[in-house]
Amino acid sequence: MTGAPRLPSGSRSRLLRIRSWLPLVWISTFSLSVSAVTAWADTGPDFNRDVRPILSQHCFKCHGPDDAARQSGLRLDLRERAVAAADSGLAAIVPGNTDQSELVRRISSKDESEMMPPPEAKRPLTDEQRDILQRWVAAGADYRPHWAFVPPRQAPLPAVELRDWARSPIDTFILARLDAEGLSPSRPADRATLIRRVSLDVVGLPPTPEEVDQFVADDSEDAYERLVDRLLASPHYGERWARRWLDLARYADTNGYEKDRPRSIWPYRDWVINALNAGMAFDQFTVEQLAGDLLPGATLEQRIATGFHRNTMLNEEGGIDPLEFRFHAMTDRVATTGTVWLGLTIGCAQCHSHKFDPVSHREYYQLMALLNNADEPELALPQPTLDEQHRRNVEQAQRLLVELPDEFPVEADGESTPDEQRRAELDRRWSEWLAQQRSAAVEWTPVRPVEATSNLPLLTVQPDDSVFASGDFTKHDTYQLRFATEVRGITALRLEALPDPRLPADGPGMTYYEGTKGDFFLGEFQLSDGERPLKIARASSSYAKNRFGSDPVSAELTIDGDPQTGWSVDGRTGERHTAVYVLESPSSGEGELHLIMMFGRHFASSLGRFRISVTTDPRAGQALDLPEEADRWLLLPDEQLPEEAREQLRRTFLLNMPELAEPAKHIRELLKPPAHPTTLVMQERPPENPRPTYRHHRGEFLQPREQVEPGVPAFLPVLPSDEAANRLSFARWLVSEENPLTARVTANRQWAAFFGRGLVATVGDFGYQGDPPSHPELLDWLAVEFMHHGWSLKWLHRQIVLSATYRQSSRVTQTLAERDPENRLLARGPRVRLEAELIRDSTLLSSGLLSHKIGGPSVFPPQPANVTTEGTYGALSWTSSPGEDRYRRSLYTFSKRTAPFAMYTTFDGPTGEECVARRDVSNTPLQALTLLNDVVFVEAAQALGAEFARRSESVEDRIAFLFRRVLVRSAEPEEIEALAAFYQDQRARFETGELDAKAVAGGGDGDATEQAAWTVVARILLNLDEAITKN
Amino acid sequence: MINICREVTRRHFFRDCGVGLGKLALAGLLTDAFGSSAAAKSSTDSPLAPKQPHFPGRAKRVIHLFMAGAPSQLEMFDNKPELKRLAGKPLPPSVIGGQRYAFIRADAAVLGPQYEFARHGQSEGELSEMLPHLAQVIDDVCILRSVHTDQFNHAPAQIFFNTGFAQPGRPSLGSWVLYGLGAEAQDLPAFVVMSTGSGISGGAALWSSGFLPTLYTGVRFRNQGDPILNVTSPSGFDARLERDSLDLIGRLNQRQLAVEGDPEIATRIASYEMAFRLQTSAPELMDLSGETQETLDLYGCQPDKPTFARACLLARRMLERGVRFINIYHEGWDAHSDVAGNVKRNCAATDQASAALVADLKQRGMLDDTLVIWGGEFGRTPMVETNPALGRSLGRDHHPQAFSMWLAGGGIRPGMTYGATDELGFHVAEQPVHVHDVQATILDCLGFDHERLTYRHAGRDFRLTDVHGHVVRDILA
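Please read all numbers here as calculations on a predicted model, not as lab measurements. Counting restarts for each chain, with residues numbered from 1 along the sequence as it is written. Think of it this way: whatever chain is written first is A, whatever ligand is written first is 1, and the rest follow in order. pLDDT decides what is reported in this predicted model: residues at 70 or higher carry local features, side-chain atom pairs at 80 or more are listed and counted, and totals for whole chains, interfaces and linings draw on all residues regardless.

**Some points on the overall build of chain A**
Strands are runs of DSSP state E lasting at least two residues, helices are runs of H or I lasting at least four, and both sets are numbered from the N terminus onward. For chain A, the helix and strand inventory stands at 35 helices and 21 strands. Dimensions of chain A along its principal axes, counting C-alpha atoms only, are 105 × 90 × 50 Å. Burial in this document is a count-based property: other C-beta atoms within 10 Å of a residue's C-beta are tallied, and the residue is buried at 20 or more, exposed at 12 or fewer, or partly exposed in between, with C-beta positions derived from the backbone. Per-residue burial for chain A yields a buried fraction of 52% across its 1031 residues. With C-beta atoms placed from the backbone, a contact is any residue pair whose C-beta atoms sit within 7 Å. For chain A, long-range pairs separated by at least 24 residues make up 69% of all intrachain contacts whose partners lie at least 6 apart in sequence.

**With respect to the overall build of chain B**
Counting secondary structure elements, chain B contains 13 helices and 18 strands. C-alpha atoms define the radius of gyration in this analysis, and the globule rule sets the expected value at 2.2 Å times the number of residues to the power 0.38. Taken against the 2.2 N^0.38 rule, which gives 23 Å for 477 residues, the C-alpha radius of gyration of chain B at 25 Å falls within 12% of a compact globule. Here the C-alpha coordinates of chain B stretch approximately 90 × 55 × 45 Å along the principal axes. Within chain B, buried positions represent 64% of all 477 residues. Considering only intrachain contacts with a sequence separation of at least 6, the fraction spanning at least 24 residues in chain B is 76%.

**Things to note about helix α7 (residues 173–181) of chain B**
Structural remark: α-helix, 3.6 residues per turn; residues separated by three or four positions point the same way. Residue and element names in this part refer to chain B. A large share of α7 lies buried, amounting to nine of its nine residues. Within the sequence span of α7, burial applies to L173, G174, S175, W176, V177, L178, Y179, G180 and L181. The inward-facing, buried residues of α7 contact β2 (61–66), α6 (154–163), β6 (191–197), β8 (325–331), α13 (435–445) and β17 (454–457). Within two residues after α7, G182 carries a phi angle of roughly 70°, on the positive side.

**Considering the confidence of the model for chain B**
Residue and element names in this part refer to chain B. Across the chain, each position has a pLDDT score giving the predictor's confidence in that residue, from 0 to 100. Across chain B, pLDDT averages 90, with 91% of residues at or above 70. Taken as a whole, residues 1–33 scores under 50 in pLDDT and shows 68 contacts with residues more than four places along the chain or in a different chain. Confidence drops under pLDDT 50 across residues 40–44; counting only partners more than four residues distant or on other chains, this segment forms 13 contacts. Here the predicted complex scores 0.91 on pTM and 0.90 on ipTM.

**Describing the environment of E184 of chain B**
All names here are of chain B. Position of E184 among the secondary structure elements: in the loop between α7 and β6. In sequence terms E184 and K51 are 133 residues apart; their C-alpha atoms lie 9.7 Å from each other. When near neighbours in sequence (up to four residues on either side) are disregarded, E184 contacts P50, A190, G322 and R324.

**A few points about α13 of chain B**
All names here are of chain B. In terms of burial, α13 is largely enclosed, as 11 of its 11 residues are buried. Within the sequence span of α13, burial applies to V435, H436, D437, V438, Q439, A440, T441, I442, L443, D444 and C445. Residue G447 follows α13 closely and has a positive phi angle near 95°.

**Let's talk about the pairing of strand β12 (residues 403–408) of chain B**
Residues and elements named next belong to chain B. Most of β12 sits out of view: six of its six residues are buried. Of the two faces of β12, both are covered, the one formed by F403, M405 and L407 as well as the one formed by S404, W406 and A408. For two strands to pair, DSSP has to find at least two bridges joining them. Note that strand β5 (residues 141–148) and β12 share five bridges and pair antiparallel. Along β12, the bridge assignment pairs C142 with L407. Relative to β12, strand β9 (residues 370–375) runs antiparallel, the two being bridged by three bridges. Following the sheet pairing, I373 is matched in β12 by L407.

**Describing the packing of helix α12 (residues 235–248) of chain A against helix α13 (residues 266–277) of chain A**
Residue and element names in this part refer to chain A. To get an axis, fit a line to the C-alpha atoms, keeping to the stretch in contact for a helix; angles then go from 0 to 180 degrees between the N-to-C directions. Where α12 meets α13, the closest approach of the two axes is 8 Å, and the angle between their N-to-C directions is 125°. In this view, α12 runs oblique relative to α13, as classed from their interaxial angle. Crossing handedness for the pair α12 and α13: right-handed. Between α12 and α13, the residues in contact are P235, Y237, G238, E239, W241, A242, W245 and L246 and R269, V272, I273, N274, L276 and N277, respectively. Throughout, the ten residues Ala, Val, Leu, Ile, Met, Phe, Trp, Tyr, Cys and Pro are labelled nonpolar, Asp, Glu, Lys and Arg are labelled charged, and all others, Gly among them, are labelled polar. Looking at the contact of α12 with α13 residue by residue, the class counts come to nine nonpolar, three polar and two charged. What sets the label is the angle itself: under 35 degrees gives roughly parallel, over 145 gives roughly antiparallel, 65 to 115 gives roughly perpendicular, and the rest give oblique. Note: crossing handedness is left-handed where the near helix turns anticlockwise from the far helix by less than a right angle, and right-handed where it turns clockwise.

**What to know about unusual backbone geometry**
Looking along the chain, the bond that leaves M116 of chain A and enters P117 of chain A is cis, with omega of -10°. Here P117 of chain A lies in the loop between α6 (102–108) and α7 (127–138). P508 of chain A follows G507 of chain A through a cis peptide bond whose omega is 5°. Structurally, P508 of chain A can be placed in the loop between β8 (492–497) and β9 (522–528). With a phi angle near 55°, W791 of chain A is a residue other than glycine that sits in the positive phi range. Relative to the helices and strands, W791 of chain A is located in the loop between α25 (776–788) and α26 (793–802). Even without being glycine, L394 of chain B reaches a positive phi, approximately 55°. Residue placement: L394 of chain B occurs in strand β11 (residues 392–399).

**Regarding the nonpolar core**
Connectivity within a nonpolar core runs through C-beta atoms within 7 Å, and the core itself is a set of buried Ala, Val, Leu, Ile, Met, Phe, Trp, Tyr and Cys residues. Grouped together as the largest cluster of nonpolar side chains are 330 residues, with contacts concentrated most on I346 and V1017 of chain A together with C142, C312, A315 and I328 of chain B. Contact partners of I328 of chain B, with chain neighbours within four places excluded, come to L65, F66, M194, F308, A311, C312 and A315 of chain B. Core analysis: the second largest hydrophobic core is formed by 55 residues, I490, Y581, A604 and F610 of chain A among them.

**Structural notes on the pairing of strand β5 (residues 458–461) of chain A**
All names here are of chain A. Taken together, the four bridges between β5 and strand β6 (residues 467–470) define a ladder with antiparallel strand orientation. Pairing of L459 across the sheet is with A469, part of β6. If you look at the hairpin formed by β5 and β6, you'll find five residues sitting between the two strands, and D465 has a positive phi there, around 70°.

**A word on the packing of helix α8 (residues 169–181) of chain A against α25 of chain A**
Residue and element names in this part refer to chain A. At a minimum axis separation of 9 Å, α8 and α25 run at an interaxial angle of 170°. The pairing of α8 with α25 is recorded here as roughly antiparallel in orientation. In this structure, α8 uses P169, I170, F173 and I174 to contact α25, whose residues at the interface are E777, L778 and W781. Tallied by class, residues from the contact of α8 with α25 come to six nonpolar, no polar and one charged.

**A look at the sheet that holds strand β13 (residues 592–599) of chain A**
Residues and elements named next belong to chain A. The antiparallel open sheet is built from five strands, whose spatial order is β4-β7-β13-β9-β10. Either end of the sheet is taken by a strand with one partner, and the two such strands are β4 (449–454) and β10 (533–534). Note that β4 and strand β7 (residues 478–484) share five bridges and pair antiparallel. Each bridged residue has a counterpart across the sheet, and for A452 the counterpart in β7 is L481.

**Thoughts on the domain arrangement of chain A**
A domain assignment, automatic or from a database, supplies the domain bounds used here. Its domain assignment divides chain A into domain 1 (33–144), domain 2 (442–623) and domain 3 (935–1030). On a C-alpha basis, the centres of domain 1 of chain A and domain 2 of chain A stand 66 Å from each other.

**Things to note about the environment of L381 of chain A**
Residue and element names in this part refer to chain A. Take L381: it is sitting in the loop between β2 (378–380) and α18 (384–403). Taking the number of C-beta atoms within 10 Å as the measure of exposure, L381 has 14 and is therefore partly exposed. Along the sequence, L381 and E301 sit 80 residues apart, while their C-alpha atoms lie 9.8 Å from each other. For L381, the residues in contact, after removing those within four places along its chain, are P267, H676, P677, T678 and T679.

Set out below in C-alpha cells:
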C-alpha cells in the first residue's frame, strides 16, 4: 500500500465500472499501455529516467546523502563513492563488470541476510528493476546530473508532421511527442467553449452572452488574440491569479491553532492582486515578498509585500512557549520557500539530512538562517480619510470640552441661578483638586541605567534615559538594571511605562498574542543597593486593569513576593502609565541601585519601553493619572502656571469628575487616535541584535546544537560573495538566471493552472523523487523564454492560451480514453472541474449578483452560522455581510483556518494552514448537496428566477438565453425541450398551490409563480456538471 | 490535414435515458459513488472501494471518543495515594526535570486525588468513584495507564494524537483508515465527526485528510441545523420537485457524458444520486424513535438533546449502517481550576454513554469487530494549579509525561490494565505507550502494518506514525 504509483494505470477499473451501468458509454477493457505514455526512445537504461528513481526509492535512504543514516560507508548517489570501496572493502559498482559489482550480487541474492534492499526495509525490487540496474552497471554505470539541477537550455525545435497546426514552439514540442506516439491533436474547440475556457482561466469568470456574441461574430484573424489581450488587461486578472498565489502563500484571515483569532493581513492580499494586475515581473514579485523591507528606500508597498512569510500561523493558546511556535513558523517558511521557488521538498531535511535530495541537515538550517533575521511587526497603513475623520473628531471634542462644565448637574437651592450655583461648585471642586494634585506632585529625576540586561530581549537605553526592549521575548522575562545615581536619600522610585510606535499597538508592553496587544504584566519589582534588598513600603499605580480573570491587578501586587500577581493596563494601551514605589526608609545614597523586574504570565508580556525616576521628596506616594507635562506644571507656583497649562489641567479635572462621567466618556472616544488598518510585515533586525540560528537535532525546538551561518545548498549556485547573506541576497539568488529551478518550477505551475496538471506532475517536487517531465524540452523552452521575457507572467499566460494546444477541443475520444486518460500528452484540450472560488464566482456572475469591487477587508458571505461556532474553540460568529459584500468574489471571503468557509472546503479549497502547490480535485455527493441547497446557489437561482420571470420572450427563448447565461454555449433543441417540459410541469404545480411559489421564489415583487418556476429551472442549470467544469 | 479522432457517438438522450436515473440499478455503485478524486486517480482502484488490509484485522470499524481538553487521570484512572501524603508540598526538581508548563511553575505544590478509588469486576480494574458506569463494563475494556505524548499545548497535542504530527497538514487517523480500508456504507459518509461540549482546540485539522485525497476528510454531523450541511432542500421544495430536478440534472449530465466522454461526468451523476439518498438516510439516521426506551435509558439519551449520549447512540446506528470511522469529540476537560468539579461534570456527561456503547455493541455482537477508543490529548499534573491573577484554584495543569485512556473490542484484550506510573503519577514507570504506539496498535487491530500503510507525498512515503511507533502486542487479544 505505498502511495500513488507514478504511472497512469489508474482509471481502468473506474472506466470499467461506468461501462457496466451507463449504456451510452462504451469503454474498452484494453489495458493501458504504460510505456506509451512515459517512454522516450529506448536506448538502454538512462540514468535519470530509469536508474535514479530506483536508487532513490530503494537505496538512498541508507546509501544516500544523509551522513547520519548511511550504512556500511556506502553512498550510491555519487559515482565516485559508488565505485570506491565501501567499509567492507568491496566496491558496490565496478563499471562494466556485473560479476565483480557487489551491488549486483546483493540485489540478486536470495539470502535474507545479504539481499538488498534488506527484507525489513520493505522496499523489494522487482525483476524489471533488477534488470535495469544490471544492464546499467554492465553498460558502465554512467551517472548524469539530475535534469532539474542543470540550468534549462533551449533545445532546437523538433521537426513535426503537421507543421501548419503549430502556432508556437509550444505546439511544436507537443506535436513532436504526439507524432512519436502516433497520436493526432484534436480539432479546435468551438468559439463559445474557447471563450468560456480562456475567460475562466485568465480572469476566473465566465463570459457574458454579449461577450460571447461579440467574439463569435468577430471573424477577423486576430479576434482571439484581442480577446486574450482584453482579458489580460482586465482588473479581474489579478484577482484570479492572486487566489492561486494565496494557496502557496497559505493566506488566511485568522491566526490558526486553538484560539484562531482574526488577523489583519488583507493589505498583503491586495498587494498581490495589484502586483499581478500591474504585470510585475516575477523576479521583482519574488524579491519584494521575501525582502521588500531590505530594498533601498523601501516603499510602503514593498513592506506590505513581505506579508508573504507572515502568513504563518500564530499560536495564542494560553501557556505556549512563544519561541517554540516561532520556530514552527520558521520551519514552515523554509519548507514553503522550497516548494514555491525551488520545487524542492526541503522541509524533509528539518530532522535529518534529506533522504533523497542533496540537502543536508546543516544546509536546511543555513537556509533558515537566511530567513531568520527579522522581527515581525504590525504595520499601520496611512489612511487619509481616517485622519481627516480624527481631525474632525478632535474638533468636536474640543467644542464639547468647552461646553462640558454646563453638563454639571446642580440642584436648585433657591438662592442663586443654576449657572451661578454650577460655577461656584465647579470652582470649589477645581481648587480642591488642584491642591490635592499639587500636594502629591513631587520632583522626579530620571536615572539612566549604566547596565540593562535581560534573559533574552535586548534592552537599549534611549536618549531620554528610557529603556527600550526589542528582539525576542519569552513567557517569563527578567530585566536587570543597574543605576549609578548621585541622588542621595531617595525616598521613592517611579516607573513610567511609555508608549512607543515600535511596539505592538504602541505599547507600552510588547504583548502580541493571547493578551491585549501592547499590554504588559509586571509580576515583581525588586530593589537592592547591590548587596542588600531595599525594602519597598508601598506602591501605587496611575491606572490598572486585568485582562484575564476577575482578580485585581495593581502596582501593590508587584511587591508582594508572588510573581503570579502584578500590574497590567488592559483597556488603556498606547498610553503612558506610572507606578510609584515608596521606600521603607530613604536610601543611604551610596550610588548603586539595582532593580529587577519580572514579567509574564501564561503569555509573553514584558514591558517594551519604560523609564525609572527617583525623588527625595518625602511626600511621594500616589501615582498620578495625568499627562507627562503635569509633572512640571504642578510644581510651579500658581501665578507662574501658564494659562494653557491651567486649561489642560482643568480639562483633565473635568474629564475625571464622577458627575460628568457620561459626557466625558464620549469626549474620550472622540479623542482616541484613529485605528488605521494594519498588516503583518517582516522587518530586518538591527545590526546590534542579530538572531542566531542553530542546527536543531532531530528538528526539535528544544535541541539546538551548533550555530550555523546563512547559506544555500552546495549543489546549487553560490550566493554572491560581495553581498551580505540575508533575505535580499537570497531572494535575488532565487530568481537569478543561474538558478536551475525557479524559472522551471514557476513555468510548470502556470502550465498546470491551465491544463490541470504540470509538465512535471509533482509541481512541488523537482527533486529525485519527483516525476520526470512529460515534455522536458518544452519545459526548458518555457523556462528560458520566461526569463528572457523579463519573468513576465502575463507573457507566459499569453503564450500558453494562444497555443493551438490550449485551443483544442477537450472531448475524450475512445482512443484518448485508452491511450492517455490523464491527458499527459495533450492530444486534447483541458477539461477540469472548476476550483471552489471559480464555481461560486461563476454562479454569482451568471445570476447577475456578483460585485466587481476589488480589494479591501475580507467579507462574510452567507453560510450556516454554526460552521464557525459549533465544536470550534475559537468560535467566530459569522454575521453575513450586508449589501454588495454578500456577493463579492470568493477570494475576499474571510478565511478562518480551523473552520474554513464550508463551500470551499467541500470543493477542495485549502485551509491556509500550509503551502498548497496543487489542490486535489474531488467529485462528491457533498458537492451535489452544496450546489443544490447552499444558500448562495439558492439565492443565485432565485435571482435568475426573478429576472427571467420579468422577461417577455417565449419560454423556449428564455430557456435558450438562461442556458447561455449559465453554461455560455447555446442549448441543443432537445435540451431546451427537456427544460421547457420541466418548466411547464413545475409551473403547473406552483400555479395550483401544490408547491409554495413564494417560498421557492424567495421574495421579489414579481409574479411568484413565474419566479418560482424559473428559479427551479435555473437551479437545474447551475447544478449541471458542465456549469462547474472548464470544458 | 488533421486526423480528428472518432468522437463518441451522440445518441438521442431521451431514448436511452428517459427512464430517469433513480430507477437505474445503482446499489452496487453507491460506495464508489461517494466520490472520486484526482489525487486518488492513479491508485489501482476506486478511492472508496472496500479494500483488504495487509492481514486480516480484528476490527472493521472504529469509534474514537476523543476527550478533548485532557481528562485528569488522577481523578479517574490512576490512583496515587502518595499524592495525598505529599499534598501541599512541591515535588523535587529532579522529578520535574526540564519540563515546561503551560500555566504553573515547576515548584507548585502537590494536589492529592480528589476522589476515592475501588476495584471492579473479575479483572479487578481500579477506577474512581466518578466512573460507576465504566465500572460495570470494566471486564470488557483495556485501560492504559502509561500513555505519554510529545506535546503540552492543546491544539498541537490534539493534532498530534489524531495525525501523528503536531502541526496541521497530515492526514487524520480516520482518513488513513478510509484510505486503507475504503468504505462500507451504502448511503452515509464513511468517516463521520460529531462533537459535544465546548469547542475543539485542534479545529478541522483533526479530521483533515491532509495530503491524502480530500474525499477521505471526515464529514461533520452537526447538532444544530442540518446534520450534514445542506442535506435539507431549500424552503418550498417537495420530494417530487427534488426527484424531478435530479432526474433532469441526471439526464442532461448523461447527454453531456455522451458528448464529452469524460468519466468524471459519470461520477458526478452518481454523486447526485448519492446526495439524494443522503437526504433520506441522514434524517432516518437521526430519527431515534425506533430505539427502545431501554436503549435510550442505557445511554441516558434524550432524543431531542444533542448530548454526548445521543452522539454515542447515533454512532452505534452509524456502525450498523456501515460507517467506517466515527469521531466523537467531547471538549471540556481542561481543568485548570476546580479539577474535582470538572471531572464530576464531564463524567456525568460521558461515563454512562461511553460504557453503554461498549455494552450495547457487545449485546448486538458488534464489539468483536468494532474498536472503541476513549482518551484525551495528554494528562494533568500531580501539582496543583492556583493562580490569583487568573482566578484559579485547585486545578491541574497540562501533563504530557503520563496519562490514561482505554480501548475496547476490535482485537483488544478485555479486562486488562496495562502500564503504570511512578508513585507520584508523574512519569511512566512501567510499559510506556507513546501516542505513536497507540496509533500503531490501532492500525494493527485493523489489519495494517503501520510501517507499510504509506502514501507518497512531496517525494517521500508518509505514514501515520512518522518513523516511530511499536504495536503494543501485550494488549491484543
